[in-house]
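# Overview (structure and organization)
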Amino acid sequence: VNICQTVVRQSLINDGIIEESQFASDQRELPSMTKKPMAVLYVDNLILMSKLQEDTKERIERAVVGLERRGLRVHDVTSGAQNLDALGWSLVGKKGCVEPKKERAWRLYLAIDHLLKIRFCSVRQLERIVGTFTSMSMVRRPCLVVLNVVYRFGRGSGTISKHFERDKILPLWDSVL
């Protein structure tokens, strides 16, 4: 996964499509989109966003040519969209917001609702739900406090599954629910 992302990133930089400073990255402020597009890259998924529609469209076309020249297959190219679904997220241009895709949020809701009814699950299932909730909460970080008890349970071990066999079915105690 990391190798793929590094190859795509370096190809885009070497071809002059995007500068290193224009990639969105953890631990730093988002790059300005006033004069150059901002890039979001996750493995082999690339999103270029800008206020300069023609420039960004041309960069996308050059990126496709450059990546295909290197033998990398490009698919599902969307250009000039105000709204976009990518990587489990919906980017709503007119509202200027990012939110989890409705299908993804609905699946998480159904999973939590099911857990509340049956009150049992395997550690693997709990890890999956916690991981999905954590990912979706990153755009609204105060939501992460909901998982405080679950995190405390896993603290010191790095993962919940170190406490139990991953496929063993466990009763969920009230503070987790």
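See above for the structure.
Definitions and cut-offs
- Residues numbered from 1 in each chain as written.
- Predicted model: local features only at pLDDT ≥ 70, side-chain atom pairs only at ≥ 80, totals over all residues.
- Heavy atoms only, no water.
- Helix = DSSP H or I, 4+ residues; strand = E, 2+ residues; numbered from the N terminus.
- Buried < 20%, exposed > 50% of the residue type's maximum accessible area, 1.4 Å probe, protein only.
- Contact = heavy atoms within 4.5 Å.
- Areas by Shrake-Rupley, 256 points an atom, 1.4 Å probe, with all protein chains shown as cover.
- Core = buried A, V, L, I, M, F, W, Y, C linked by side-chain atoms within 4.5 Å.
- Salt bridge = Lys/Arg side-chain N within 4 Å of Asp/Glu carboxyl O.

Moving on: the overall build of the protein chain. Scanning the protein chain from N- to C-terminus turns up 5 helices and 7 strands. Secondary structure elements in the protein chain, listed N-terminal to C-terminal, are α-β-β-α-β-β-β-α-β-α-α-β. Across the 177 residues in the protein chain, those meeting the buried criterion constitute 29%. In the protein chain, of all internal contacts separated by at least 6 residues, the share reaching a separation of at least 24 is 42%. A total of about 12,200 Å² of accessible surface is found on the protein chain, and carbon and sulfur atoms cover 54% of it.

On to the nonpolar core, then. Counting residues in hydrophobic clusters, the biggest one holds 11 residues: Val8, Leu12, Ile17, Ile18, Phe23, Ala39, Leu41, Leu48, Ile60, Ala63 and Leu67. Sequence-distant contacts of Ala63, defined by excluding residues within four places in its chain, comprise Leu12 and Ile17. Leu115, Leu126, Ile129 and Met136 belong to the second largest nonpolar core, which has 9 residues in total.

As a further point, take the pattern of salt bridges. One pass over the structure, following the stated rule, counts 8 salt bridges. Of the charged contacts, one joins Arg59 and Asp55 as a salt bridge, the two residues approaching to 2.8 Å between their closest N and O atoms. With Arg59 and Asp55 both in helix H2 (residues 53-69) and 4 residues apart, this pair spans about one turn of that helix. Classification of Asp55 by relative accessible area gives partly exposed; the value is 25%. Linking Glu99 and Lys102 is a salt bridge whose minimum nitrogen-to-oxygen distance equals 3.3 Å. Assessed through its relative accessible area of 60%, Lys102 is described here as exposed.

Moving on to the side chain of Ser137. Tracing the sequence through the fold places Ser137 in helix H4 (residues 123-137). For Ser137, a relative accessible area of 4% translates into the label buried.

A word on the environment of Val146. Turning to its location among the elements, Val146 is positioned in the loop between H4 and helix H5 (148-154). Taking relative accessible area as the criterion, Val146 reaches 60% and is therefore assigned exposed.

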